[in-house]
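Close look at the chain arrangement
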Amino acid sequence: MTSQMEIPINQAADIIVSARKVVVFTGAGVSTESGIPDFRSPGGIWTKYQPILFQDFMSSEEMRRESWRRGKETYHLFADVEPNPAHRAVVELERLGKLDCVITQNIDNLHQKAGSSPDLVIELHGTAMYVLCMECGKRWPRAEIQKWLEEGVEIPYCDECGGIMKSATVSFGQAMPEKETMEAQLRSQRAEVFIVVGSSLVVYPAAHMPMVAKQSGAKLIIINLAETSFDMYADVLIRGKAGDVMQRLVERVKTKVGTKR
Ligand SMILES: [Zn+2]
């Protein structure tokens, strides 16, 4: 297995060495290696819980009560996790001056926690680190709201305007954040190299980004354990675990950069 990966890792490293604008796109596979459950996998949170649609959350007090009850229960799945070698490899790419940005489907803040510059991380599905007032836009750290919940608040409301408060994540049925989606599209168009890590590319419009990049002339590298529907378009396809492959890939890049100087 390991030796089979050597050739594609070397090819991918060559592509990265000769480029400057590398866009890394990360999905659930990167988070699961930090111990965060994949929401869509069997036994995942959404097979235990029926997802609460955005419209239902906004219109029903009962749904908000249920949503916060779940949020209180699952909070520590997100709060207590640590970055893994995949996140750290992305930080290394930034240090090497190769990284244009990270586009992530993950909501766990682990790229930033690993040391990626926050302004280089585009969170397509929002972040579980904050709670927003849907009325006035006030923002609280999620940790602070956890205290409210543990003190007995069942449904938090904004202490400024009384508005509905919601996790800053993108819910089922909720529109994608406009600014982040536009930015991600633009960066994908301009990318010289587009690396997909740990995403099966099934959730749109996020899954559209690699095609935007490819059609705009980028080299496409896909690193995923399972097949993706874009494998046939990949210039380099590496089947493996995100952390393991990314770590080896970045080490190879560093070696090549070193020998070139
Ligand atoms: Zn408010």
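Now for a description of the structure that goes with this document. (Residues numbered from 1 in each chain as written. Predicted model: local features only at pLDDT ≥ 70, side-chain atom pairs only at ≥ 80, totals over all residues. Heavy atoms only, no water.)

1. Comments concerning the overall build of the chain
What the chain contains, in helices and strands, is 11 helices and 9 strands. The C-alpha atoms of the chain give 19 Å as radius of gyration, which agrees with the globular expectation for 261 residues (18 Å, within 12%). A principal-axis box enclosing the C-alpha atoms of the chain has dimensions of 60 × 35 × 30 Å. Once local pairs closer than 6 in sequence are excluded, the contacts in the chain between residues at least 24 apart make up 69%. In the structure as shown, the chain presents an accessible area of about 12800 Å², 52% of it carried by carbon and sulfur atoms. Averaging the positions of the 31 positive and the 33 negative side-chain charges in the chain gives two centres separated by 6 Å. (Helix = DSSP H or I, 4+ residues; strand = E, 2+ residues; numbered from the N terminus. Rg over C-alpha atoms; globule rule 2.2 N^0.38 Å. Contact = heavy atoms within 4.5 Å. Areas by Shrake-Rupley, 256 points an atom, 1.4 Å probe, with all protein chains shown as cover. Lys, Arg positive; Asp, Glu negative; His and termini not counted. Charge placed at Lys NZ, Arg CZ, Asp CG, Glu CD.)

2. Quick word on the coordination of the zinc ion
Coordination of the zinc ion by the protein comes from Cys133 (SG), Cys136 (SG), Cys158 (SG) and Cys161 (SG), over a distance range of 2.3 to 2.4 Å. Metal-centred angles of 101 to 116° between the 4 donor atoms at the zinc ion mark the site as tetrahedral. Positions of the donor residues of the zinc ion along the chain correspond to the pattern C-x2-C-x21-C-x2-C. With Cys133 in strand S4 (residues 126–133) and Cys161 in the loop between helix H8 (142–150) and strand S6 (165–169), the pair connects residues that are 28 residues apart, well separated along the chain. (Donors = N, O, S within 2.8 Å, 3.2 Å for Na, K, Ca; no water. Tetrahedral: all angles 85-135°; square planar, octahedral: opposite > 155°, others 65-115°.)

3. What about the pattern of salt bridges?
The tally for this structure, following the rule as stated, stands at 22 salt bridges. For Glu61, the salt bridge goes to Arg65, with nearest N and O atoms at 3.5 Å. With Glu61 and Arg65 both in helix H5 (residues 61–79) and 4 residues apart, this pair spans about one turn of that helix. In this structure Glu61 comes out as partly exposed when scored by relative accessible area, which is 44%. (Salt bridge = Lys/Arg side-chain N within 4 Å of Asp/Glu carboxyl O. Buried < 20%, exposed > 50% of the residue type's maximum accessible area, 1.4 Å probe, protein only.)

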